[in-house]
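The chain contents come next:
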Amino acid sequence: MTLESDTENDATFMSDALRLAKKAYAAEEVPVGAVVVRAGRIIARGYNQVELLKDATAHAEMLALTQAEAAVGDWRLVDCDLYVTKEPCVMCAGAIVHTRIRRVIFGCADVRAGAAGSVMNLLQSPDLNHACEITAGVLQSECAQLLQSFFKTKRKQL
């Protein structure tokens, strides 16, 4: 696993994902945003819509992957990269491996449920038929701050 971003493009695409996370925040969803990039351009976008859609699978990554499959015309996304503001959970990591995403770039770790190295590393499991390159920590403080602010506000409402 790579700990830091190697390119300026990673920060640019993560900024796009962060804008989507802010849309989720405004909609009172857990603020996670995701974009899928192919050949240097965004082909799909998603942000958490679990509450809106009343669907536990409506995570930013899942919505972006579905949109990317439609854009590509195939369920295989072998030449695509996924940028997401928070480390993917097990469900999302499974879908990422299944769609054969080339690289996953995430902002902040999820120490309780992360499946890209924090709790487990499903994205690079030798037991599965595909492994993704991982770049962690891109715009980490901005991504973490947004999540912390959201949950701080939610706790005050209780």
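Just so it is clear, the model here is predicted, and its values are computed rather than measured.

Draft legend 1. Representation of the layout of surface pockets in the model. Its volume calculated, the largest pocket comes out at about 570 Å³. What lines the largest pocket is a set of 24 residues, among which Val30, Lys86, Asp110, Leu147 and Phe151 lie closest to the centre. Counting residues per element, the ones that place at least two in the lining of the largest pocket are α2 (50–53) and α5 (140–157). Per-element accounting of the lining of the largest pocket gives the leading share, 5 residues, to α5. In the lining of the largest pocket, the residues fall into 13 nonpolar, 3 polar and 8 charged.

Draft legend 2. Structural detail: the state of the cysteines. The tally for this structure, following the rule as stated, stands at 0 disulfides. Here Cys89 is not cross-linked by a disulfide; its sulfur's nearest cysteine counterpart is in Cys92, at 3.8 Å. The exposure class assigned to Cys89 is buried, which follows from its relative accessible area of 14%. Cys143 takes part in no disulfide bond, and the closest cysteine sulfur to it belongs to Cys108, at a distance of 5.6 Å. The buried category is assigned to Cys143, whose relative accessible area is 2%.

Draft legend 3. Spotlight on helix α1 (residues 8–26). Taking 1.5 Å per residue, 19 residues should reach 27 Å; α1 reaches 28 Å between its end C-alpha atoms and fits that length. When α1 is considered as a whole, its buried residues turn out to be Asp10, Phe13, Met14, Asp16, Ala17, Leu18, Leu20, Ala21 and Ala24. Backbone geometry just after α1 places Glu28 at a positive phi near 65°.

Draft legend 4. Layout of a positive patch on the surface. Where like charges cluster on the molecular surface, the positive patch consists of Arg112, Lys152, Arg155 and Lys156. When you line up the elements, Lys156 lands in helix α5.

Draft legend 5. Examining the packing of aromatic side chains more closely. A complete count under the given rule lists 3 aromatic pairs for this structure. Between Phe13 and Tyr83 the ring centres are 5.2 Å apart and the planes differ by 50°, which places this aromatic pair in the tilted class. Residue Phe13 is located in helix α1, and its partner Tyr83 is located in strand β3 (residues 80–86); the two are separated by 70 residues in the primary sequence. An identical accessibility class is assigned to Phe13 and Tyr83; each is buried. Each member of the aromatic cluster is reached from another via a ring pair, and the members are Tyr25, Phe150 and Phe151.

Draft legend 6. View of the packing of helix α3 (residues 60–72) against helix α4 (residues 90–99). Between α3 and α4, whose axes approach to 9 Å, the crossing angle comes to 20°. Comparing the axis directions of α3 and α4 gives the class roughly parallel. Judged by the twist between their axes, the crossing of α3 over α4 is left-handed. For the pair formed by α3 and α4, the contact residues are Glu61, Met62, Leu65 and Glu69 on the first element and Met91, Cys92, Ala95, Ile96 and Thr99 on the second. Here the contact of α3 with α4 is composed, by residue class, of 6 nonpolar, 1 polar and 2 charged.

Each value, and the rule that gives it
- Residues numbered from 1 in each chain as written.
- Predicted model: local features only at pLDDT ≥ 70, side-chain atom pairs only at ≥ 80, totals over all residues.
- Heavy atoms only, no water.
- 1 Å grid on protein atoms, 1.4 Å probe; cavity = no way out; pocket = protein on both sides within 12 Å on 5 of 7 lines; lining within 4 Å.
- Points joined across faces, edges and corners; volume = space filled by probe spheres on them.
- Helix = DSSP H or I, 4+ residues; strand = E, 2+ residues; numbered from the N terminus.
- Nonpolar A, V, L, I, M, F, W, Y, C, P; charged D, E, K, R; others polar.
- Disulfide = S-S within 2.5 Å.
- Buried < 20%, exposed > 50% of the residue type's maximum accessible area, 1.4 Å probe, protein only.
- Expected span 1.5 Å × (residues − 1).
- Patch = residues over 30% accessible without salt bridge, like charges linked within 9 Å, V, L, I, M, F, W, Y side chains within 5 Å.
- Areas by Shrake-Rupley, 256 points an atom, 1.4 Å probe, with all protein chains shown as cover.
- Salt bridge = Lys/Arg side-chain N within 4 Å of Asp/Glu carboxyl O.
- Lys, Arg positive; Asp, Glu negative; His and termini not counted.
- Charge placed at Lys NZ, Arg CZ, Asp CG, Glu CD.
- Phe/Tyr/Trp six-rings, centres within 6.5 Å; stacked < 30°, edge-to-face > 60°.
- Axes fitted to C-alpha atoms, helices over the stretch in contact; angles between N-to-C directions.
- Parallel < 35°, antiparallel > 145°, perpendicular 65-115°, else oblique.
- Left-handed = near helix turned anticlockwise from the far one by under 90°.
- Contact = heavy atoms within 4.5 Å.

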